[in-house]
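Each chain is listed here by its residues.
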Amino acid sequence: MAVFEGSFARAHSQRFAIVIGRFNDLVTSKLLSACQDCLKRHGVNIDPDGSQVDYAWVPGSFEIAMVARQLALTGRYDAIICIGAVIRGQTPHFDYVCSEVSKGIAATSFQTGIPVIFGIVTTDTMQQALERAGIKNNLGWGYAMSALEMASLIPQIKADPSNPAILAAVESATPSLS
Ligand code: INI
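Right, let's walk through the structure included here.

The next subject is the packing of helix α1 (residues 25–41) against helix α5 (residues 139–159). Remark: α1 packs on α5, axes separated minimally by 7 Å, with the N-to-C direction vectors making an angle of 45°. Looking at the two axes, α1 sits oblique to α5. For α1 against α5, the interelement crossing comes out right-handed. Counting all contacts with α1, which are made through Lys30, Leu31, Leu32, Ser33, Ala34, Cys35, Asp37, Cys38 and Leu39, the residues of α5 involved are Leu139, Gly140, Trp141, Tyr143, Ala144 and Met145. By residue class, the composition of the contact of α1 with α5 is 11 nonpolar, 2 polar and 2 charged.

Quick look at the nonpolar core now. Core analysis: the largest hydrophobic core is formed by 47 residues, its most contacted members being Val19, Cys35, Ala68, Ile80, Ile81 and Cys82. Only β1 (16–21), α1, α2 (61–73), β3 (79–87), α3 (94–112), β4 (116–123) and α5 provide two or more residues apiece to this core. Counting residues per element, this core draws most heavily on β3, which supplies 8 residues. In contact with Ile80, other than residues within four places in its own chain, are Phe16, Ala17, Val19, Ala68, Leu71, Ala72, Ile114, Val116 and Ile117.

A few words now on the sheet that holds β4. Here we have 4 strands laid out as an open sheet, ordered β2-β1-β3-β4, and parallel in their pairing. For this open sheet the edge positions go to β2 (53–58) and β4, each flanked by a neighbour on one side alone. Strand after strand, the sheet turns through a mean of 15° between neighbouring axes, direction not considered. Of the pairings in the sheet, the one linking β1 to β2 comprises 6 bridges and is parallel in character.

Cut-offs applied
- Residues numbered from 1 in each chain as written.
- Predicted model: local features only at pLDDT ≥ 70, side-chain atom pairs only at ≥ 80, totals over all residues.
- Axes fitted to C-alpha atoms, helices over the stretch in contact; angles between N-to-C directions.
- Helix = DSSP H or I, 4+ residues; strand = E, 2+ residues; numbered from the N terminus.
- Parallel < 35°, antiparallel > 145°, perpendicular 65-115°, else oblique.
- Left-handed = near helix turned anticlockwise from the far one by under 90°.
- Contact = placed C-beta atoms within 7 Å.
- Nonpolar A, V, L, I, M, F, W, Y, C, P; charged D, E, K, R; others polar.
- Core = buried A, V, L, I, M, F, W, Y, C linked by C-beta atoms within 7 Å.
- Buried ≥ 20, exposed ≤ 12 C-beta atoms within 10 Å, placed from the backbone.
- Pairing = 2+ DSSP bridges.

Any functional reading would require information that these geometric values do not contain.
Here it is as structure tokens:
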């Protein structure tokens, strides 16, 4: 049997997409900065003109999963990071937005097999959101760590020689002796 564990050593060769909600930009831009800082300090070229990170800005958290899915379907990325901020005090449809973005992100991950990181801050107040985006700590850093770890973990599982998909491929490629 095997132990699968992500590492942070191959960040320079991985590709990421980051989907960011403009709604509550005061919060999401700070989460994005910490996320970029973490990726950069692990060796990722975060320049949008470079070959490692693409950025997609969407109106709000409700749109995040749809765009993450489109990006995942391109097959270009090792992981996708979703960043949004939903604040209860600002809207009666807080629960709908939270529910859609969480279901959508989980579905995208399951359907595509690409890790999609849930970087959505959900709070009762703007003060609480800002505390999670830099005043106390910044959750954006952890979103990047999760992406790096998952981007390294999934290929290990897919490449495991005892993976039934690999065994089937080898079997079908091996000429029969009979
Ligand atoms: N989007 C957010 O990301 N956070 C919120 O707090 C929020 N509020 O409060 O309404 C929000 N609404 C916009 C929503 O995500 C969609 O962009 C909009 O409804 C258009 O589809």
